[in-house]
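Each chain is listed here by its residues.
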Number of protein chains: 2
Amino acid sequence: MPTELAAHASSTPFAGSAPAATAGSGSAPFAGSETAGRLQRVIGDLASELPQLELRVPSVETREYAVDASTRTRLANLDLGPAVAFPVSAEEVQAVVRAAARHGVAVVPRGAGSGLAGGATADQEQLVVSTERLNRIVEVSPLDEVAVVEPGVINADLNRHLEPYGLFYAPDPASWDISSIGGNIATNAGGLRCAKYGVTRESILALDVVLADGSLVHVGHRSIKGVTGLDLVSVFVGSEGILGIVVAATVRLRPVPVARRTVSAFFESTAAGADALSAITRSTVRPSVVELFDSRTLENIDQHTGSTLTARGGALLLIELDGYGIDEQSADLRAALEAVGGLVTEESVEDGEALWELRRSGRGFDPAEWFAGGDIAVPKSRIPEMFAHFPVVEERFGVTIGAVAHAGDGNLHPIVTLRMPEGADPSVVPPQLHDAASALAQFALELGGTVSGEHGIGSSKLDLAALELSDRNRAAQHAIKRALDPAALFNPGKAI
Amino acid sequence: MPTELAAHASSTPFAGSAPAATAGSGSAPFAGSETAGRLQRVIGDLASELPQLELRVPSVETREYAVDASTRTRLANLDLGPAVAFPVSAEEVQAVVRAAARHGVAVVPRGAGSGLAGGATADQEQLVVSTERLNRIVEVSPLDEVAVVEPGVINADLNRHLEPYGLFYAPDPASWDISSIGGNIATNAGGLRCAKYGVTRESILALDVVLADGSLVHVGHRSIKGVTGLDLVSVFVGSEGILGIVVAATVRLRPVPVARRTVSAFFESTAAGADALSAITRSTVRPSVVELFDSRTLENIDQHTGSTLTARGGALLLIELDGYGIDEQSADLRAALEAVGGLVTEESVEDGEALWELRRSGRGFDPAEWFAGGDIAVPKSRIPEMFAHFPVVEERFGVTIGAVAHAGDGNLHPIVTLRMPEGADPSVVPPQLHDAASALAQFALELGGTVSGEHGIGSSKLDLAALELSDRNRAAQHAIKRALDPAALFNPGKAI
């Protein structure tokens, strides 16, 4: 789901600081600027202090670490990537941060690089701290219903590890088989099931964090409840790497539900499907997942996978129920949706799995189209208005818009596309893609929503964040940033 | 449930600053100190700026506003209470805060005064800002599943207001018929249902907050999801009035479950009841409420209410199930608890209500006993060890300890009692009560728990908080406090 890609690349060019000359010789490829010299001294210090630490100097090979999943198109324009450290322990993270702080070199924390807002982008004068090797599942306690994990653990790997215990970790971003728990924490990742189980924040009980002075601090508690002092866990969750580096997390687990069932409901149009959401809200059923596919998305999936969804209707609500009384839940849901014109099917296990697979990876991107993604969220009742606004924006900017929505919590992922004229340069993205995505975000704000439901602000959406947050709000955020990272060591220019 | 009362009163005497002489004449009762003079200037400013504002000067009558529910015994030693403002709008709160800031007078935000940690205590040189008159339910949106409320709304009043909508606000502190939403937010209040529905933080989507510079800031969003910038909502929730004054909250609502059922399970001993908790955890049932009453608590309730709980067993698990499939849930729960020796009864609606009423108000306090309360929480699996430690502490300090626990989330409310010798002064509390409560808290920490599960730190538990949090953690908390309230205007000496 590589959203937020092409358009933002055009509006926020990577590496705003002047690129350091061209690639030089192996020993000092980044010589030249004063910043580069400082990075070189950090590398020198670490080589002698931590000879066992895997540390890569800025090179062609480290360019992968300059971008995230939404900014990969920038790779073509890069000569060198950043320096990258791969610590394997909290102590190594502390030593790396201390060395960087000593020489005033910016540190960019990085999880699996699957982010969709440019939160982990880095330039060749910065030091990326990758948490890839901090990937141990330290403990699973079925009776406390917690696990202690390092940040580099992949979300899906944790869930596979939990299967024999009959437990699961609820936050399930669509990227769960490639994204790490640390990255999920950094973005306060959402996903499909959050309407019922909450976002990442609701599943994090405690964190070990390396702060900008290199100190290691434990925040939160292993008990479910705890209110001693300010809620520092929530300060770090969603902070996109600007306040510290998480080196361990105590996460909350839940028992696998006694039953799960997939229900599909097709409607004749996008509008009818969006309107039907309020029928679920008025009912007593609270599904674990409610995904709304609009007409364009169904067409897109059919085109790219050979599925025949559009033959069943013009919009799809794909719903997962779980827990006790699944038949009763299903009957109440069916009654609610049929009353508003839905064609309701209780799917078999196989058909249900096929539909969820289409949800996760069915959408395709035509190489002859430019595209830009979004991550807006609105109050649940305003979803129909949001979809109804797509044609307005399409007409205004001459683009095409389709969306799938985590409708249970009001979070939409619109994709704006524009067909390239014959012979166009794919890397020169016309401004109307970004403008259309921005117009959608502004309309979400008018509806009482937000410009980012779950992907974060990163480096790509600072302009949109400025539309949402008041000056005083932003001043408060910057004050907290300065309080915890006075030298602006961590992930400068991101998130706030 | 007046816990944390007598013992802490002895260790942290109220009004550490020297009391200002004796009560003087009406116009300048607090004349004398420089601080008092500054408060007088605030009162003068507000009288001219906001003639309509109800503002009480320090007097005998305002002594009620000097204490919370846990510190009422201090009233006897007070000559005068604080100044108290009763704003009716955000604008009035802003004006009050600005006037106080201008003259450097400490502001103590206050909800309903039902706190149990001395978080709202104030002295005669401070200005209490009461949110009692900010008590409007501004909006209920069934389709967004949110309500917008002012902070003075009483928790139970909100729930009564929501009944016609088929919705409820989940956080349910035992004090819910006297505590306000604002106070619940200030303490991140828990309650009985949090094991299933989360604590207050999980139900707060957005806040309007008056900051120390008098500005009004909106944080959060009306959508369920939203990750734009740092999570300032969570910074304010649980901050015990040290960062700002909440003037409105957008809270999340949930549909009333299709069914609720009370199940009781009696066990032969406290230890057997505590051990049985893991049988629930190992099952697939997740009750909305799990309360564990130990033997002493059952005896206490029988003595004070004439109930006959002890005839049924030596410990009680009082459980509420809710949602779909209630019979199936109940059968699975019964099987799990009978397998570990429980005498399980599915209670009738009437009997169930009677048992919940005993839970809320059955415990009594003997006027011939000193007592001190606690609010510890431990990881769920450690609850048996916590109860097993009571006799150790009893023997060491010569006291008696009984507890009821929100066992679903590991939160215990032990009450330490000591019989007064003939002719003893009730207000002179022997130190072993506090020492015993402190020993329990320290043991909770050894088990990986916390010194406060839901009541907060306030002014009563700063010593315990210092045992729990590392120096670096506390430094980070103070840095955030300084970032948002550099002049330490709000609620000085509390929480952190």
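Since the model is a prediction, treat every value here as computed from it, not as a measurement.

Participant: So what's going on with the UniProt feature "domain: FAD-binding PCMH-type" (unreviewed entry) in chain A? Residues and values would help.
Facilitator: Using the residue numbers shown here, the UniProt feature "domain: FAD-binding PCMH-type" (unreviewed entry) corresponds to residues 77-256 of chain A. End C-alpha atoms of residues 77-256 of chain A are separated by 46 Å, and the span's content is 21% helix alongside 25% strand.

Participant: Lay out the sheet that holds strand β17 (residues 400-406) of chain B in plain terms, naming residues and giving numbers.
Facilitator: All names here are of chain B. Strand order in the open sheet made by the 7 strands is β15-β12-β14-β13-β17-β18-β16, with antiparallel pairing throughout. In the strand order of this sheet, the two ends are held by β15 (343-346) and β16 (369-373), each with one partner. Each strand axis lies, on average, 15° off the axis of its neighbour in the sheet, ignoring direction. Pairing of strand β13 (residues 289-293) with strand β14 (residues 315-322), which is carried by 5 bridges, proceeds in the antiparallel orientation. The partner of valine 290 across the bridge, within β14, is isoleucine 319. Relative to β17, helix α12 (residues 383-397) is tilted by about 165°, and along the sheet it contacts β13, β17 and β18 (411-419). Helix α13 (residues 431-446) contacts β16, β17 and β18 of the sheet and is inclined by roughly 155° relative to β18.

Participant: Tell me about the packing of aromatic side chains, and please be specific about residues and values.
Facilitator: Residues and elements named next belong to chain B. Taken as a whole and assessed by the stated rule, the structure comprises 8 aromatic pairs over all chains. On the numbers, 5.6 Å between centres and 85° between planes, the contact of tyrosine 65 with phenylalanine 86 is edge-to-face. Of this pair, tyrosine 65 sits in the loop between β1 (54-56) and β2 (83-86) while phenylalanine 86 is found in strand β2, placing the two residues 21 residues apart along the sequence. Taking relative accessible area as the criterion, tyrosine 65 reaches 11% and is therefore assigned buried.

Participant: Quick one: what's the story with the environment of Ile137(B), residue by residue and with numbers?
Facilitator: Residue and element names in this part refer to chain B. In this fold, isoleucine 137 is placed in strand β5 (residues 137-141). Looking at isoleucine 137, the relative accessible area reads 26%, which means it is partly exposed. Between the C-alpha atoms of isoleucine 137 and alanine 147, which are 10 residues apart in sequence, the distance is 7.6 Å.

Participant: Talk me through the domain arrangement of chain A; I want residue IDs and the actual numbers.
Facilitator: Residues and elements named next belong to chain A. Taken domain by domain, chain A consists of domain 1 (6-130), domain 2 (137-255) and domain 3 (260-361). Each partner contributes residues to the interface: domain 1 has 12 residues there, and domain 2 has 15 residues. Taking both partners together, domain 1 and domain 2 bury about 1000 Å²; carbon and sulfur atoms supply 69% of that area. Looking only at domain 1, the three residues that lose the most surface to domain 2 are Gln94, Pro109 and Ser114, adding up to 35% of its buried area.

Participant: Report on the interface of chain A and chain B, specifying residues and quantitative values.
Facilitator: The interface of chain A with chain B comprises 84 residues on the first partner and 84 residues on the second. Buried area between chain A and chain B, both sides added, is near 6500 Å², and the carbon and sulfur share of it is 61%. In terms of surface lost to chain B, no three residues of chain A exceed Lys225(A), Leu230(A) and Tyr324(A), which account for 14% of the buried area on that side. At the boundary of chain A with chain B, the tally comes to 12 salt bridges. The partner of Arg286(A) in a salt bridge is Glu145(B), with the nearest N and O atoms 3.0 Å apart. There are 43 residue pairs in polar contact (both at pLDDT 80 or more) connecting chain A and chain B. Taken together, the elements giving at least two residues each to the side of chain A that touches chain B come down to α6 (194-197), β9 (216-220), α7 (232-236), α8 (270-282), α10 (326-338), α14 (462-468) and α15 (471-484) of chain A. By residue number, the principal contributor to the side of chain A that touches chain B is α15(A), which donates 8 residues. Here the side of chain A that touches chain B is built from residues that sort into 34 nonpolar, 30 polar and 20 charged.

Participant: Talk me through the packing of helix α8 (residues 270-282) of chain B against α12(B); I want residue IDs and the actual numbers.
Facilitator: All names here are of chain B. Where α8 meets α12, the axes come as close as 8 Å, and the angle between the chain directions of the two elements is 165°. Our classification of the angle between α8 and α12 gives roughly antiparallel. By crossing handedness, the relation of α8 to α12 is classed as right-handed. Across from Thr270, Ala274, Asp275 and Leu277 in α8, the residues of α12 making contact are Ile383, Pro384 and Phe387. A per-class count over the contact of α8 with α12 returns 5 nonpolar, 1 polar and 1 charged.

Participant: Mind laying out the pairing of strand β13 (residues 289-293) of chain A, listing which residues take part and the relevant values?
Facilitator: Residues and elements named next belong to chain A. Burial analysis of β13 places 5 of its 5 residues in the buried class, the great majority of the element. Side chains of β13 alternate between two faces, with Val289, Glu291 and Phe293 and Val290 and Leu292 buried alike. Examined bridge by bridge, β13 and strand β17 (residues 400-406) share 3 bridges and lie antiparallel to one another. What sits directly across from leucine 292, in β17, is alanine 405.

Participant: Let's hear about the relation of the copies chain A and chain B: which residues, and what values?
Facilitator: Once turned by 180° and shifted 0.0 Å along the axis, chain A lies on chain B with an RMSD of 0.0 Å. Each copy turns onto its partner about a two-fold axis. When each C-alpha of chain A is compared by its distance to the rotation axis, Gly325(A) comes out closest, at 1.9 Å. Interface overlap between copies: 100% of the residues of chain A at the interface are likewise at the interface in chain B, consistent with a symmetric, same-surface contact.

Participant: How would you explain the nonpolar core if you had to name every residue and give the values?
Facilitator: Counting residues in each nonpolar core, the largest one holds 66 residues, and the members touching the most others are Leu207(A), Phe236(A), Val251(A), Leu158(B), Leu207(B), Phe236(B) and Val251(B). Leaving out residues up to four positions away in the same chain, Leu158(B) has contacts with Ile137(B), Ala147(B), Val149(B), Val153(B), Tyr169(B), Ile181(B) and Val251(B).

Participant: Outline the sheet that holds strand β12 (residues 260-267) of chain A, listing residues and values.
Facilitator: Residues and elements named next belong to chain A. Strand order in the open sheet made by the 7 strands is β15-β12-β14-β13-β17-β18-β16, with antiparallel pairing throughout. Two strands close off the open sheet at either side, each with one partner strand: β15 (343-346) and β16 (369-373). Across the sheet, the mean angle separating the axes of adjacent strands is 15° when strand polarity is ignored. Bridge count between β12 and β15: 4 bridges; the pairing is antiparallel. Bridge pairing in β15 links valine 263 to glutamate 346. Its contacts with the sheet place helix α11 (residues 349-361) against β12, β13, β14 (315-322), β17 and β18 (411-419), and it is angled at close to 120° to β14. Along the sheet, helix α13 (residues 431-446) contacts β16, β17 and β18; its crossing angle with β18, the most-contacted strand, is approximately 155°.

Participant: Give a detailed account of helix α3 (residues 90-103) of chain A, specifying residues and quantitative values.
Facilitator: All names here are of chain A. With 14 residues, α3 extends 20 Å from end C-alpha to end C-alpha; this agrees with the ideal 20 Å at 1.5 Å per step. In terms of residue burial, α3 counts as a mostly covered element, since 10 of its 14 residues are buried. Of all the positions in α3, only Ala90, Glu92, Val93, Gln94, Ala95, Val96, Val97, Ala99, Ala100 and His103 are classed as buried. Glycine 104 lies just past α3 and shows a positive phi near 70°.

Participant: A description of the pattern of salt bridges should follow, citing residues and the corresponding values.
Facilitator: All chains considered together, the criterion is met by 62 salt bridges over all chains. One salt bridge connects Lys481(A) with Asp485(A), and the closest N-O pair in it is separated by 2.7 Å. Across the pair Arg201(B) and Glu202(B) runs a salt bridge, and its minimum N-O distance is 3.4 Å. On the accessibility criterion, Arg201(B) (12% relative accessible area) is buried. Taken together, the salt bridges that share partners define one network made up of Asp45(A), Glu49(A) and Arg102(A).

Participant: Describe helix α2 (residues 34-49) of chain A, with residues and values.
Facilitator: Residue and element names in this part refer to chain A. Spanning 16 residues, α2 covers 23 Å between terminal C-alpha atoms, matching the ideal 22 Å at 1.5 Å per step. Taken as a whole, α2 has its buried residues at Ala36, Gly37, Arg38, Leu39, Val42, Ile43 and Leu46. Tucked into the core, α2 has its buried residues touching β1 (54-56), β2 (83-86), α3 and β4 (127-130). For α2, the capping residue at the N-terminal end is serine 33, with a side-chain oxygen 3.4 Å from the backbone nitrogen of threonine 35.

Basis of the calculations
Residues numbered from 1 in each chain as written. Chains lettered and ligands numbered in written order. Predicted model: local features only at pLDDT ≥ 70, side-chain atom pairs only at ≥ 80, totals over all residues. Heavy atoms only, no water. UniProt positions renumbered as here; feature names shortened; annotations may be inferred. Helix = DSSP H or I, 4+ residues; strand = E, 2+ residues; numbered from the N terminus. Pairing = 2+ DSSP bridges. Axes fitted to C-alpha atoms, helices over the stretch in contact; angles between N-to-C directions. Contact = heavy atoms within 4.5 Å. Phe/Tyr/Trp six-rings, centres within 6.5 Å; stacked < 30°, edge-to-face > 60°. Buried < 20%, exposed > 50% of the residue type's maximum accessible area, 1.4 Å probe, protein only. Domains from an automatic or database assignment. Buried area = accessible area lost by both parts, 1.4 Å probe. Salt bridge = Lys/Arg side-chain N within 4 Å of Asp/Glu carboxyl O. Polar contact = N/O pair within 3.5 Å; in protein donor to acceptor, adjacent residues only side chain to side chain. Nonpolar A, V, L, I, M, F, W, Y, C, P; charged D, E, K, R; others polar. Parallel < 35°, antiparallel > 145°, perpendicular 65-115°, else oblique. Left-handed = near helix turned anticlockwise from the far one by under 90°. Least-squares fit on C-alpha atoms with pLDDT ≥ 70 in both. Core = buried A, V, L, I, M, F, W, Y, C linked by side-chain atoms within 4.5 Å. Expected span 1.5 Å × (residues − 1).

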